Amino acid sequence: MGETAEHDYSTGAAGVVPMDQRRSQYHFVALWVTLAAGFTYLFLGFQYHDAGYSLLEAVGAGAIGAVAYFLYALPAAYLGSTTGQTHALLTRSVFGRIGSALATLLLVGVAAGWTAFAFNLLATLFDGLYGWGHITLVSVLLAVLGIANNLFGFKGIAGFARWVAAPLMIIWVLFLVVKGLTTTPGQALAARPAGTVELPFLAGIGVAVGSVMWGNEPDTWRYGKPKLFWPVPAFAVAFAVGLVLFVAGGWMMAELSGQGQYDFGPAYRYVVQYSLFGALWLGAVVAVVLLVSINDGNYYEMINGGQNVLGQLPGWRRWHTCLLMAVIAAVFTWLFPSVEDGFFKVASWSSIALPSITVVMCVDRFLLPRLTGLTRPVDQVPSWREAATANWPGLVSVALAVGFGAWGLGLLPWQDSAPAAGLVPVETWLLAGLLYAALAAAVAKRPLATTVLGFGRRLRHHGDV
Ligand SMILES: O=c1cc[nH]c(=O)[nH]1
C-alpha cells in the first residue's frame, strides 16, 4: 500500500487504475498472507476457547466463516478489478451523492473501529510482555504514529512484514500448535473447555466472517487482473493461514496458558516462553510489525473513503486526509476500552454494513443488465455535481438489510442479547442483494427509472430528469 501514496487513484479526477498499473498474483498472495498471519485470528481463536469451543469446533467455525466470506469476496474483488475504482468512488456512480456520503462515513467508521482494536491489542501485548500498563495512552500514541506508512509511502515495514515477520509468525504458530498437540492430553484437546461467555456456533461463524471481512474489497483488487477467479490463490492461502492455523494457535494460547478472556497479554507472554524460546523482544517485534501492517490496511480504507469526499476540494492534498484520519483513529482508539465487547461489536458491524453496500453494487453491475436491460456505465468517476442525488432502491435495500443484520446480531441499543437468527451476516447480504434486484426490476420499466436508480446526469435516459 505504501507505493500508492504518490498516485493512488483515490480521487474523482483520476479514479480508475489503468491496466498497466495492475499487480501480479504474487503481490496479492503476499499481501493477503500478511493480513491473515495476524493477531486478529489468534485473538479469535482465544475467544472461541473462552466461549467453550473445542479445538475442532474453533477451527470449524473459522473455516466455515472463510467459505462464507469467499462467496462474498469473489464478486466483490471482481467489482474492483473490472472497474479499477475504490469502493467509495464506485458508490458515487451506483448510490448517488447521499449514498456515497453514507458509504464514506461507514468506511471511515468501521475501519477506525478496527484500527482502535488492533492498537489496543498491541498495547495489551506490550503490557503482557513488559508490564508497561497505560494501555489507553500507549494505544492512542500508536494510532497517531500509525498513519506514517500511508502518509509517507514507506515501503520498508510492509516489505519487512511480508518477507520476514509474516513467514516467521506462521512458522512460530505452526510450531506452537504442533507442540501443543503433542504435549496436551488427547482428552483435553477433544473436550470443550469451561467457557465463560455464550457464543452459539452459528454466531461464532458470524464472528469469523466479521474478522476476515474488509467490506472495501474493490480498494485492493482494483489493482488486480479483471478475471473472476484470479484472486482464488490469494484467498485460499490467507484463509488456511488466518482462519485455520491462527485460530488453532489462539485456541492453543488460551488452553496452554490457562488465561481467561481479558488476559490476552499474559497469555501471549506465556506462549513466547513456551514456543519462542522466551525471546520477548522477538515476540514484541512480530507483534508491532504485523499489527502496524494490518492497520496500514485500515488507514488505507479510511483514507480512500475520506478522499472520495475531500479529494477534489481546492488546495486539498492527500496528506491532509491522512492527518484527519489519524485524528479520527486516535479518538476511536481512546474510546475503545470503554466499549463493552469491543472486538465483537467491531466484527459484527464489519460483517454487515459495508458488505451490504458492496453486494448491491455487485447486483447493479453483474445482474441488473441481464434482469432489466439497464446498464450503468462506470468507466468514469462522476464529479459530485454530475452524480445523481440517490439510488433510492439501493438505499432502501441497504437500510433494510443492515437494520435486519443489526437486530440479528443484537447490535441495537435496546437489545440485551442477540436472537437466534441463523448465520446473520450471510442472510444480511442475501437480503440486500435480493431486495435490490426486486426493487430495481420493479422500477426499471417505469418512467424516470434511471433517475430513481441514481444514474448520473449524463447517463439518464432521454426524458428522465
Ligand atoms: O483489521 C481488520 C481486520 C479485518 N477486517 C478489517 O477491515 N480490518
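Residues numbered from 1 in each chain as written. Predicted model: local features only at pLDDT ≥ 70, side-chain atom pairs only at ≥ 80, totals over all residues. Heavy atoms only, no water.

K.L.:
Can you help me understand the packing of helix α1 (residues 25-36) against helix α11 (residues 232-257) in this one?
P.N.:
Each pair of packed helices can be described by the angle between their axes along with the distance between the axes. Contact geometry for α1 and α11: axes closest at 8 Å, N-to-C directions at 15 degrees. Here α11 runs roughly parallel to α1, going by the angle between their axes. Where α1 crosses over α11, the two elements pack in a sense that is right-handed. Of the residues in α11, those touching α1 at Gln25, Phe28, Val29, Trp32, Val33 and Ala36 are Pro233, Ala234, Phe235, Val237, Ala238, Val241, Gly242 and Phe246. Grouping the constituent residues of the contact of α1 with α11 by class yields twelve nonpolar, two polar and no charged. (Axes fitted to C-alpha atoms, helices over the stretch in contact; angles between N-to-C directions. Helix = DSSP H or I, 4+ residues; strand = E, 2+ residues; numbered from the N terminus. Parallel < 35°, antiparallel > 145°, perpendicular 65-115°, else oblique. Left-handed = near helix turned anticlockwise from the far one by under 90°. Contact = heavy atoms within 4.5 Å. Nonpolar A, V, L, I, M, F, W, Y, C, P; charged D, E, K, R; others polar.)

K.L.:
Explain the confidence of the model for the protein chain here, please?
P.N.:
Predicted coordinates in regions of low pLDDT should not be interpreted in detail. When pLDDT is averaged along the protein chain, the result is 93; 97% of the residues meet or exceed 70. Segment residues 1-5: pLDDT under 50, and 18 contacts once partners within four positions in sequence are set aside and those in other chains are kept. The complex prediction reports pTM at 0.95, with the ipTM value standing at 0.98. (pLDDT = per-residue confidence, 0-100.)

K.L.:
It is not clear to me how the pattern of salt bridges should be interpreted in this structure. Could you clarify?
P.N.:
Pairing between side chains of opposite charge can happen when the charged atoms of each approach one another. One pass over the structure, following the stated rule, counts two salt bridges. Put simply, Arg376 and Asp364 hold a salt bridge, and the shortest N to O gap is 2.7 Å. One end of the pair, Arg376, is in the loop between α15 (342-372) and α16 (392-408); the other, Asp364, is in helix α15, with twelve residues separating them in the sequence. Looking at Asp364, the relative accessible area reads 6%, which means it is buried. (Salt bridge = Lys/Arg side-chain N within 4 Å of Asp/Glu carboxyl O. Buried < 20%, exposed > 50% of the residue type's maximum accessible area, 1.4 Å probe, protein only.)

K.L.:
Would you mind going over the site of the ligand with me for this structure?
P.N.:
Around the ligand lies a shell formed by Trp114, Ser211, Met213, Trp214, Ile294, Asn298 and Glu301. Within the backbone of Met213, an N or O atom sits 2.6 Å from a nitrogen atom of the ligand. A distance of 2.8 Å separates a nitrogen atom of the ligand from a polar atom in the side chain of Asn298. The protein chains hide 99% of the 240 Å² of surface that the ligand would expose on its own. Considering every element that reaches the shell around the ligand, the biggest residue donor is helix α13 (residues 280-310), with three residues. The residue makeup of the shell around the ligand, split by class, is four nonpolar, two polar and one charged. (Near = heavy atom within 4 Å. Polar contact = N/O pair within 3.5 Å; in protein donor to acceptor, adjacent residues only side chain to side chain. Areas by Shrake-Rupley, 256 points an atom, 1.4 Å probe, with all protein chains shown as cover.)

K.L.:
Explain the packing of helix α9 (residues 201-212) against α15 to me, please; I cannot follow it from the model alone.
P.N.:
Where α9 meets α15, the axes come as close as 7 Å, and the angle between the chain directions of the two elements is 75 degrees. Classified by the angle between their axes, α9 and α15 sit roughly perpendicular to one another. Contacts between α9 and α15 involve Gly206, Val207, Val209, Gly210 and Ser211 from the former and Phe343, Phe344, Ala347, Ser350 and Ser351 from the latter. Taken together, the residues of the contact of α9 with α15 sort by class into five nonpolar, five polar and no charged.

K.L.:
Is there a simple way to think about the environment of Ile135 in this case?
P.N.:
In this fold, Ile135 is placed in helix α5 (residues 135-145). For the pair formed by Ile135 and Leu121, sequence separation is 14 residues and the distance between their alpha carbons is 8.8 Å. Excluding residues that lie within four positions of it along the chain, Ile135 makes contacts with Asn120, Ala123, Thr124 and Asp127.

K.L.:
What is the right way to read the packing of aromatic side chains from this model?
P.N.:
Each aromatic ring pair is characterised by the separation of its centres together with the angle its planes make. Applying the stated criterion across every chain, the model contains 34 aromatic pairs. Centroid distance Phe175 to Phe277: 6.3 Å. Interplanar angle 25 degrees. Geometry classified as stacked. Here the residue Phe175 occupies a position in helix α7 (residues 156-183), and Phe277 occupies one in the loop between α12 (264-275) and α13, the gap between them amounting to 102 residues. Given a relative accessible area of 37%, Phe175 falls into the partly exposed group. (Phe/Tyr/Trp six-rings, centres within 6.5 Å; stacked < 30°, edge-to-face > 60°.)

K.L.:
Mind showing me how you'd approach the nonpolar core here?
P.N.:
Inside soluble globular proteins, nonpolar side chains tend to come together where they are buried. In this structure, Phe39, Tyr69, Phe246 and Tyr268 are the most contacted members of the largest nonpolar core, which totals 153 residues. Among residues more than four places away in sequence, those in contact with Phe39 are Leu121, Leu125, Met169, Phe264, Tyr268, Val286, Ala287, Leu290 and Leu291. (Core = buried A, V, L, I, M, F, W, Y, C linked by side-chain atoms within 4.5 Å.)

K.L.:
Explain α5 here, please?
P.N.:
A turn of α-helix holds 3.6 residues, and therefore any two residues three or four places apart point the same way. For α5, the set of buried residues is Val138, Ser139, Leu142 and Ala143. The buried side chains of α5 occupy one side of the element, clustering within an arc of 140 degrees when seen end-on. Across α5 from its buried face, at more than 90 degrees, point the exposed residues Leu137 and Leu145. Residues of α5 that are buried in the fold lie against α4 (87-130), α13 and α14 (318-335). (Arc of directions from axis to C-beta.)

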